[in-house]
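# Structure at a glance
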Amino acid sequence: SGGCTNQGGVCRRHGAELELCSSKGCTNISMKGGVCTKHGAKKKTCSSEGCTNQVIKGGVCIRHGAKKKT
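Model, not experiment: these values are computed from the prediction.

All right, on to the overall build of the protein chain then. Across its full length, the protein chain holds zero helices and zero strands. A total of 70 residues make up the protein chain; the buried ones form 20% of that total. Sequence separation of 24 or more characterises 0% of the internal contacts of the protein chain that already satisfy a separation of 6 or more. When the accessible surface of the protein chain is totalled, it reaches about 6,100 Å², and 47% of it is carbon and sulfur.

This is the structure in structure tokens:
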């Protein structure tokens, strides 16, 4: 849609429906396993040795080479 390069159907920006956390009363967006990070979905950490930052892209955090969105 409109020059979108996302693969596998439709991206969130162009109308994909988001799944909500399956935990009762939670309105957060679900991650893995149908739950949000607050209810047990694990956040991926940077693959650089000793780094505990959250992955942004390609297995690394911004400090170790992931590009910031502009």
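Let us now look at the state of the cysteines. Across all of its chains, the model carries zero disulfides by this definition. The closest cysteine sulfur to the non-disulfide-bonded Cys26 is located on Cys36, 3.8 Å from its own sulfur.

Analysis parameters
- Residues numbered from 1 in each chain as written.
- Predicted model: local features only at pLDDT ≥ 70, side-chain atom pairs only at ≥ 80, totals over all residues.
- Heavy atoms only, no water.
- Helix = DSSP H or I, 4+ residues; strand = E, 2+ residues; numbered from the N terminus.
- Buried < 20%, exposed > 50% of the residue type's maximum accessible area, 1.4 Å probe, protein only.
- Contact = heavy atoms within 4.5 Å.
- Areas by Shrake-Rupley, 256 points an atom, 1.4 Å probe, with all protein chains shown as cover.
- Disulfide = S-S within 2.5 Å.

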